[in-house]
Structure formats: structure tokens, C-alpha cells
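This is what each chain is made of:
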Protein chains: 2
Amino acid sequence: MYNILIIDDDLELTQLLAEYLQQNTFAVVVENKALHGIELVKQGNFDLLLLDVMMPELDGFEVLKQIRSFSTIPVIMLTAKGEDYDRILGLELGADDYLPKPFNHRELIARIKALTRRVDDLSSFNQVQQLDLHGIKIEDASQRAVVNDVEIDLTGTEFQLLSVLMRHAGHILTKDKLSVDVLGRRLSAYDRSLDMHVSNVRKKLSQLGIENIIKTVRGSGYLFKLDAE
Amino acid sequence: MYNILIIDDDLELTQLLAEYLQQNTFAVVVENKALHGIELVKQGNFDLLLLDVMMPELDGFEVLKQIRSFSTIPVIMLTAKGEDYDRILGLELGADDYLPKPFNHRELIARIKALTRRVDDLSSFNQVQQLDLHGIKIEDASQRAVVNDVEIDLTGTEFQLLSVLMRHAGHILTKDKLSVDVLGRRLSAYDRSLDMHVSNVRKKLSQLGIENIIKTVRGSGYLFKLDAE
DNA sequence: GTGAAGTGTAAAGCTTGTGTAAAGGTAGCT
DNA sequence: AGCTACCTTTACACAAGCTTTACACTTCAC
């Protein structure tokens, strides 16, 4: 699964874009604040960055410059201007590609794929991206979750579920969103499948001494806790 | 030194382009005939291809298709048309980038550099001739795999499979990717050939006392383990 | 309280992916 | 042609793991 981060202050566009990319089996996180976006890249859980050039506070070039000082993540720049100079500057600063708005969605997908074709081979070479919260470490590349050097034997769906929850730690995720992200379908009435997966993940975690990390928010959904209590 | 091949029937443009690129320390070869160009790529002395879309006889898409059947050389398409559809088609056929004519020369350089940044990383990675993991040593040049000074008698395909898996140790490789990399074709429905090769490699390894090194990740692919357990 | 709706989870059912033996096919060699 | 080595296909068994069912429990509104 490909994790894409979008840094763009345009709420409407990012919303649309996220949906479209999700339909094309990419996992998407949207960040509307440039500074916050840099931090997200630092955490290192993304495979590709879509970066808007025109943003208040910090413009895209500055963001790119900062990101390139610590990361080689593939970057596609988005911009409203069609001017040569912008394109060239972006590319020279270390962007991999450039797409002028408004763009054809299919072209975006094609460009993402063209870039990932190259980078895929490279990824095993780059630092492995992993996420570590409350002593639970997950690694997408190998689909492994580890607690105190002990591997948790998760099924693919369970891993996916834990991964989505952890990536959104501290935020409630509705069952409907989880169902779409994890099982790839809308939640329908009387579908208890997701509940079962949550139950199973909890069971496996508790065998390793981890309890109450996935909280139920009755009527709303589930939540991976940020702070222990 | 970077060797660039230009396939384009426009004599005037190619002349200019060649000079410009040479000034920027690239080595350039111009080929005005599409068919002849394919042969040049086959000989394999180029690092990057600039390919014109509009050509008599054979158009650029057809040329790209043929080249992609035997080579992963980075390709930037050049075309007079600015239409979305052309761009997308080119990218989906396996081009890495696309540049509409007339283009800014500095942008061309920037795009070439953006692409080579990625590919350079990759080639230095693939040039690793020897790999040694868990006591399994493989040597690409001689197509040999050795465990404790005992040679494993692998067929060409089996060696290739093991080599790809080991180069991506710790990362899940989808069956589709493995099929492309090892068997040279897309995985099609009910194709069990790859599974058989995995089975055979495992069998041969287990005869030498190595077990559970190639892990099945159900629904995702195979994985050469990084850490023993 | 009482009923309704939401949630936890054991167990059963069922689909699908995978392992592998064996047969079939193909290319290269003598 | 016949042989050999190897790749691919076929066939079947098996296991993994996703979903459904069923029932107990909790929470909340009235």
C-alpha cells in the first residue's frame, strides 16, 4: 500500500484529491499547514509527497528545501502557475516532477505511477519506515508489528487495521472510514467483521501485555490512544 | 559521464538539442530513424533516452512499447502536442517523464537531472555484486549461490528469484513484481509458475538446513526475512 | 426499571490463497 | 531424432483467515 502525503492549503482541492487517490488504492493523508507537513515527513511514514507551491506562511519551494535537507522522499509539486521558471526552480531544488493545476486526475495517477516504478526498487535500499507508539513498532515494508523485539503474528487485515489506527493515533476513526480503509468496502448494516478484527488485534496485543490501547468510542468509532494513562 | 540518446526525426531540433546538452556535460547521440534507434537502445550503451512522439514510420508510443519489452532505460518523451491524452498514454506505457515542445532548454536539463538523481541511486544499488544474508551468499556475475562453501544447484530462474528476494530482504515483494522481475512477464490469473519456483528454492535450501527464510505473506507476496527468529 | 441500540467475542462457516506432486511442454544439445 | 534440463500447467489438498451467527453484556434514553 502506498502512503501519500498531500501538503496544500486548498481544503476543497485536497478533499477531492484524497478521495480520488483513495479510489485508486493509495493511502492518503492531507495536511493543510505547511509547517506541520514538514514534521509529518520527518516522521517518515510516507512514500510520496504532493506539495503545493502556493501556500500562505511558507511557500512550497521553501518547504521542499527544508524537506530535502533530511529526506529523499519522492516529491511532485503542484502549482497554479504555468510558468517555466517555477517548474525549473522546483526541479532544481530536488522535486521529481511537477504538475500544473488544474490537472487531469488520470495524469496525476500516471505520474505517481511513473515515479513509483523507479522508486519502488529503491525503497528497500532507503531507510525502512517505521512507526513506533507505546512500544508497538510497525513496519509497512515487511508488514510486521513488533513489541519488545517480539513479533506479533498479525494477519494482513489485522496489520492494516493497526496501521491505520496508529497513523491516526489520537483521532477517532469512524467504523465506516475504517471499513473503507481496511476492508476496502463501505460498512453495511449488521456487518460485524470490523469489530471482530478489532477484537482479534486487542487479544493479540494483550498477550504481549498491552491493554487498553485501542479505545472504543461508543457511537463514534475506535481510537488509538496517544497518551497512556 | 551521462550518455543520452535522442530519437527524433527533426534534424534541426536534434542538432540544437545535442549542442545544448553537450554544453551541459552530457554525451549525446542523435538518431533520426526510429527503427534504428531501437537497435541502439538494444546495444545498451545509453543512460537516458529522449524520444519524440511524432515521427514518420513508427510513432514514439510504438517505439516506447518495443523498448520497454527489453529495457528499463529512463525515457523522457518529447511531443509537439500538448494534449492530456498523449501525456497519459506515454506515462502509462512506461515513460518516466514528458515534455511538450517547444520547451525551455533549462527545463529539459532540470528534468533530466531530476530523473537521473533517482536512477543513479538505483544503479549504484543494483551494482552490488555479492550479497550475504543468513549464510547464503549469492554472486550475480557467476550466477552462483553458496551456503557454507557448498554450492546450491539452482536453475537460472531459481537463482534469479532468490537474488531478487535477497536484494529486497525485509520487504514484501508482490507476486506481480516478482513475476515481472524474475519471469519477465506480468502475472496472469491461475499462473502458478512462480509459486513452483518458490517451492523449489525452498526445497533446495532446506536440504542445506535453511528453513523459513522465505516467508509467505498471504495475500501480499513473498518476503526474504531480514532477522532470523 | 425497561427497552433499544451498540459493542465484545466465541465458534462455526466458507472463500480463497498457497504448497506441491505429477504431467505436459519447450528449447537446446549431441 | 532422441535426450536432457528446465519451465509451465494441472490438479488436488490444505490451511489461513475473513465473515457470519449467536448470545452476553453495556450504555443510554425515556
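For the structure, see preceding data.
Just so it is clear, the model here is predicted, and its values are computed rather than measured.

(A) A look at the overall build of chain A. Assigned secondary structure in chain A consists of eight helices and twelve strands. By residue count, 50% of the 229 residues in chain A fall in the buried class. In chain A, 57% of the contacts between residues at least 6 apart in sequence involve partners at least 24 apart. When the accessible area of chain A is evaluated, it comes to approximately 11000 Å², of which 49% is carbon and sulfur surface.

(B) Here's a closer look at the environment of Leu51(A). Residues and elements named next belong to chain A. Tracing the backbone shows Leu51 in strand S3 (residues 48-52). Under the relative-accessibility criterion, Leu51 is labelled buried at 0%. Sequence separation between Leu51 and Gly156 is 105 residues, and the spatial gap between their C-alpha atoms is 30 Å. Residues contacting Leu51, with those up to four places away along its chain left out, are Ile7, Gly60, Val63, Leu64, Val75, Ile76, Met77 and Leu78.

(C) Layout of the side chain of Asp191(B). Residue and element names in this part refer to chain B. Here Asp191 lies in the loop between helix H7 (175-183) and helix H8 (193-206). We classify Asp191 as buried; its relative accessible area is 16%. At 3.1 Å, the side chain of Asp191 forms a polar contact with the side chain of Arg185.

(D) Inspection of the protein's contact with DNA strand C at higher detail. Near DNA strand C you find 24 residues, and of these Thr216(A), Arg192(B), Arg202(B), Thr216(B) and Tyr222(B) are the closest. A distance of 3.1 Å separates a phosphate oxygen of DNA strand C from a polar side-chain atom of Ser199(B). Looking at the surface near DNA strand C, the elements with two or more residues in it are helix H8 (193-206) and strand S11 (214-217) of chain A together with H8 and strand S10 (214-217) of chain B. Classifying every residue of the surface near DNA strand C gives six nonpolar, six polar and twelve charged.

(E) Representation of the environment of Leu11(A) in the model. Of note, Leu11(A) is situated in helix H1 (residues 11-23). Put simply, Leu11(A) and Glu92(A) are 81 residues apart on the chain and 28 Å apart in space, counted from C-alpha to C-alpha.

(F) Just the packing of aromatic side chains, in detail. The tally for this structure, following the rule as stated, stands at one aromatic pair over all chains. When the ring of Tyr2(B) is compared with that of Phe26(B), the centres are 6.4 Å apart and the planes differ by 85 degrees; the resulting orientation is edge-to-face. Taken together, the positions of Tyr2(B) in strand S1 (residues 2-7) and Phe26(B) in strand S2 (residues 26-31) put the pair 24 residues apart, joining distant regions of the chain. As far as the burial class goes, Tyr2(B) and Phe26(B) line up, both buried. Geometry around Phe70(A) places Lys42(A) over its ring, the cationic atom sitting 5.2 Å from the centre.

The rules behind the values
Residues numbered from 1 in each chain as written. Chains lettered and ligands numbered in written order. Predicted model: local features only at pLDDT ≥ 70, side-chain atom pairs only at ≥ 80, totals over all residues. Heavy atoms only, no water. Helix = DSSP H or I, 4+ residues; strand = E, 2+ residues; numbered from the N terminus. Buried < 20%, exposed > 50% of the residue type's maximum accessible area, 1.4 Å probe, protein only. Contact = heavy atoms within 4.5 Å. Areas by Shrake-Rupley, 256 points an atom, 1.4 Å probe, with all protein chains shown as cover. Polar contact = N/O pair within 3.5 Å; in protein donor to acceptor, adjacent residues only side chain to side chain. Near = heavy atom within 4 Å. Nonpolar A, V, L, I, M, F, W, Y, C, P; charged D, E, K, R; others polar. Phe/Tyr/Trp six-rings, centres within 6.5 Å; stacked < 30°, edge-to-face > 60°. Lys NZ or Arg CZ within 6 Å of the ring centre and 35° of its normal.

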